[in-house]
Amino acid sequence: MEIIEFENQEQGYLRWLSDHPSGYVLNTYKKFRPQYARLHSASCVIMRLYMRHMVPDAFTCSEFKKVCSGSRADLELWATARGYSAPQVCRRCLAAGQH
């Protein structure tokens, strides 16, 4: 499945979320930090809450980037292949037994 990285591409990322509500988002720093990779569903309530209160360009134009895919497994493989620790999953949107 396709994996798309959004770095300094706020509108593209927001469009991807809207177009792929059943997809997945890996949140990580632009500057490589192997211990930080967080996995969310594209419809995560936490991310939606941030969207309502965000400052312009808060998602991909600050210190973070987003890596997106329709496949959770592909994002997990992407992360480990690049030296990240196994991604931590969001307890709100990817709790045990969900997705």
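Let us look at the structure shown here. Because the structure is a prediction, the values reported are computed rather than measured. (Residues numbered from 1 in each chain as written. Predicted model: local features only at pLDDT ≥ 70, side-chain atom pairs only at ≥ 80, totals over all residues. Heavy atoms only, no water.)

**Focus on the sheet that holds strand E1 (residues 3-6)**
As summarised here, the arrangement of the five strands in space is E1-E4-E2-E3-E5, forming an open sheet in which the pairing is mixed. Edge positions in the sheet fall to E1 and strand E5 (88-89), since each of these pairs with one other strand and no more. As paired elements, strand E2 (residues 24-29) and strand E4 (residues 64-69) share six bridges and run antiparallel to each other. Among the inter-strand pairings, Asn27 is bridged to a residue of E4, identified as Lys66. (Pairing = 2+ DSSP bridges. Helix = DSSP H or I, 4+ residues; strand = E, 2+ residues; numbered from the N terminus.)

**A few points about the packing of aromatic side chains**
A complete count under the given rule lists six aromatic pairs for this structure. Considering the side-chain rings of Tyr36 and Phe64, the 6.0 Å spacing of their centres and the 50 degrees angle between planes classify their relative orientation as tilted. Placement of Tyr36 in the loop between E2 and strand E3 (38-41) and of Phe64 in strand E4 is noted, with a sequence separation of 28 residues between them. Of the two residues, Tyr36 and Phe64, both sit in the buried class. With a centroid separation of 5.9 Å and an interplanar angle of 20 degrees, the aromatic rings of Trp78 and Tyr84 are classed as stacked. (Phe/Tyr/Trp six-rings, centres within 6.5 Å; stacked < 30°, edge-to-face > 60°. Buried < 20%, exposed > 50% of the residue type's maximum accessible area, 1.4 Å probe, protein only.)

**Overview of the pattern of salt bridges**
Under the criterion given, the structure shown has two salt bridges. Of the charged contacts, one joins Glu5 and Lys65 as a salt bridge, the two residues approaching to 3.1 Å between their closest N and O atoms. Of this pair, Glu5 sits in strand E1 while Lys65 is found in strand E4, placing the two residues 60 residues apart along the sequence. Residue classification places Glu5 among the partly exposed residues on the basis of a relative accessible area of 37%. You can call Lys65 buried: its relative accessible area is 9%. Glu76 is paired through a salt bridge with Arg72; the nearest N and O atoms lie 3.2 Å apart. Note that Glu76 and Arg72 are positioned in helix H3 (residues 72-81) at a spacing of four residues, about one turn of the helix. Of the residues examined, Glu76 reaches a relative accessible area of 28% and is grouped as partly exposed. (Salt bridge = Lys/Arg side-chain N within 4 Å of Asp/Glu carboxyl O.)

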